[in-house]
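Residue strings, one per chain:
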Amino acid sequence: KLRPASFCKDSCYLPPLRYPAVCPIKSSTVAEEYQYIIHGGKNPNNELSDKLYILNIASKVNKKFTFRCIEKELVGEIPEARYGHTVNVVHSQGKKIIVIIGGRSYMAPGQRTTENWNRVVDCMPLIFLVDPEFGCCTSYVVPELQNGFSFHVSLTRNDTIYIIGGHSIETNTRPPNLCKIKIDLPIGSPAVNCCVLSGGISVSSAILTQVKENEFVIVGGYHSDNQKRLVCNTINLDDNKIEIVEREAP
């Protein structure tokens with residue numbers, strides 16, 4: 001049942017966005033005190049956003065929620081405006097950092113013509129780390145990541161992110177990607193390492209949700225432009241191993 005919600009007076013404006021990247025960032029052990037990160041997406045004018053918002057629950061009275069939204073100012077190597085990407089929060093050595101991967105953006109202004117003005121391309125396969133406190137952004141080039149990481153799904157556990165599936169607009173394919181990205185946050189510069197794993201699946205625009213501590217489920221998505229995906233998958237994480245198996249669909 002949907003219930004009415006409002007924003008407190010010190011909130012910034014949160015535009016209605018399509019295809020933004022969203023993830024929770026846990027601030028305490030109480031579920032109601034989760035914070036959510038929202039990055040990118042398309043606004044109603046079909047313009048792409050490069051904004052990063054932090055959304056939390058300001059108060060809860062008689063089952064009525066009041067939200068607070070804060071726009072985080074970003075500095076440094078800021079990710080370009082995009083949609084169809086993912087954002088995650090990893091934890092390492094008592095610290096946490098925001099990770100932005102993949103997505104799609106409009107063609108660079110210098111390459112646009114009247115005919116291709118609204119053409120979109122896959123973003124460069126960079127990994128962006130964003131400090132959640134100061135908004136400092138740093139990009140990393142990882143040779144194992146190639147073009148085509150748009151509308152993929154991702155999951156995180158401690159200091160590791162797994163990237164699954166995705167769509168390449170250049171080749172119009174959905175390669176069975178499965179990549180493991182490990183991020184270490186020592187004193188000084190972060191270390192980003194990536195390796196390609198076997199056992200991936202071909203999927204784009206699916207929903208991934210966590211059902212147990214080490215168990216996730218993938219539902220929906222597309223096999224191809226005109227073929228919806230009717231199978232479901234269970235993802236099991238055990239230590240540093242990942243296993244993707246089919247499961248009965250609802």
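Residues numbered from 1 in each chain as written. Predicted model: local features only at pLDDT ≥ 70, side-chain atom pairs only at ≥ 80, totals over all residues. Heavy atoms only, no water.

J.: What is the right way to look at a positive patch on the surface in this model?
T.: On the surface, Lys1, Arg3, Lys60 and Lys63 cluster together to form a positively charged patch. The residue Lys1 is located in the segment before β1 (5-7) in this model. On the accessibility criterion, Lys1 (89% relative accessible area) is exposed. (Patch = residues over 30% accessible without salt bridge, like charges linked within 9 Å, V, L, I, M, F, W, Y side chains within 5 Å. Areas by Shrake-Rupley, 256 points an atom, 1.4 Å probe, with all protein chains shown as cover. Salt bridge = Lys/Arg side-chain N within 4 Å of Asp/Glu carboxyl O. Lys, Arg positive; Asp, Glu negative; His and termini not counted. Charge placed at Lys NZ, Arg CZ, Asp CG, Glu CD. Helix = DSSP H or I, 4+ residues; strand = E, 2+ residues; numbered from the N terminus. Buried < 20%, exposed > 50% of the residue type's maximum accessible area, 1.4 Å probe, protein only.)

J.: Any chance you could explain the sheet that holds strand β16 (residues 191-196) here in plain terms?
T.: Pairing between sheet strands relies on hydrogen bonds along the backbone, with the strands arranged either parallel or antiparallel. Strand order in the open sheet formed by four strands is β13-β14-β15-β16, and the pairing between neighbours is antiparallel. With one partner strand each, in any of the chains shown, β13 (153-157) and β16 form the two edges of the open sheet. Strand-to-strand twist of the sheet, defined as the mean angle between neighbouring strand axes without regard to direction, takes the value 20°. The pairing of β13 with strand β14 (residues 160-164) spans five bridges and is antiparallel. Bridging from a neighbouring strand, Thr156 pairs with Ile161 of β14. (Pairing = 2+ DSSP bridges. Axes fitted to C-alpha atoms, helices over the stretch in contact; angles between N-to-C directions.)

J.: How do you make sense of unusual backbone geometry when you look at a structure like this?
T.: For residues that are not glycine, phi is negative in most cases, and the peptide bond is trans in most cases. If you check the backbone angles, Phe151 has positive phi at about 55° while not being a glycine. For Phe151, the location among the structural elements is in the loop between β12 (136-141) and β13. Within the chain, Asn158 stands out as a residue other than glycine whose phi angle is a positive 60°. Within the fold, Asn158 resides in the loop between β13 and β14.

J.: How should I be thinking about the packing of aromatic side chains in this particular structure?
T.: Given two aromatic rings, one states the distance between the centres and the angle between the planes to describe the pair. Applying the stated criterion to the full structure yields five aromatic pairs. On the numbers, 6.3 Å between centres and 20° between planes, the contact of Phe65 with Phe67 is stacked. Using a relative accessible area of 23% as the deciding quantity, one classes Phe67 as partly exposed. Each ring, one from Tyr83 and one from Phe151, has its centre 5.8 Å from the other, and the planes form 70°; the classification is edge-to-face. You can see Tyr83 sitting in the loop between β6 (75-76) and β7 (86-92) and its partner Phe151 sitting in the loop between β12 and β13, a full 68 residues away along the chain. (Phe/Tyr/Trp six-rings, centres within 6.5 Å; stacked < 30°, edge-to-face > 60°.)

J.: Where do I start with the state of the cysteines in this structure?
T.: Two cysteines form a disulfide when their sulfur atoms are joined by a covalent bond. Counting across every chain of the model gives zero disulfides. The closest cysteine sulfur to the non-disulfide-bonded Cys69 is located on Cys12, 3.7 Å from its own sulfur. Since its relative accessible area comes to 1%, Cys69 is described here as buried. (Disulfide = S-S within 2.5 Å.)

J.: What exactly am I supposed to notice about the pattern of salt bridges here?
T.: Pairing of side chains with opposite charge becomes possible as their charged atoms draw close. The tally for this structure, following the rule as stated, stands at seven salt bridges. Of the charged contacts in the structure, one is a salt bridge between Asp122 and Arg104, with a shortest N-O distance of 3.1 Å. Taken as a pair, Asp122 in strand β10 (residues 120-122) and Arg104 in strand β9 (residues 104-106) lie far apart in primary sequence, 18 residues in all. Asp122 sits in the buried class, given a relative accessible area of 14%. Members of the salt-bridge network, linked through shared partners, are Asp159, Lys182 and Asp184.

J.: How should the pairing of strand β15 (residues 178-184) be read in this particular structure?
T.: Along any regular strand the residues' side chains alternate between the sheet's two faces. Counting buried positions over the seven residues of β15 gives five, a clear majority of the element. Looking at chain direction, β15 and β16 are connected through six bridges and run antiparallel. Bridge pairing in β16 links Cys179 to Val196. Here β15 hands over to β16 after six residues, with Gly188 in that stretch at a positive phi of 115°.

J.: What should I look at first to understand the nonpolar core in this one?
T.: One broad trend across soluble globular proteins is that nonpolar side chains are buried collectively. Ranked by internal contacts, the top residues of the largest apolar core, which has 18 residues, are Val99, Ile127, Leu129, Leu145, Ile181, Ile183 and Val192. Looking at this core, the elements that each hand over two or more residues are β8 (95-101), β11 (126-130), β14, β15 and β16. When neighbours within four sequence positions are excluded, Ile183 is seen to be in contact with Val90, Ser92, Val99, Leu129, Asp159, Ala191 and Val192. Among the nonpolar cores identified, the runner-up in size contains 15 residues, and Ile54, Val89, Ile100 and Leu126 belong to it. (Core = buried A, V, L, I, M, F, W, Y, C linked by side-chain atoms within 4.5 Å. Contact = heavy atoms within 4.5 Å.)

J.: Hey, could you run me through the sheet that holds strand β21 (residues 232-238) in this one?
T.: With antiparallel pairing, the four strands of this open sheet are ordered in space as β17-β18-β21-β22. In the strand order of this sheet, the two ends are held by β17 (207-212) and β22 (241-247), each with one partner. Averaged over all pairs of adjacent strands, the angle between strand axes in this sheet comes to 25°, irrespective of strand direction. Here β17 runs beside strand β18 (residues 215-219); their pairing, made up of five bridges, is antiparallel. Paired with Ile207 across the two strands is Val219, which belongs to β18.

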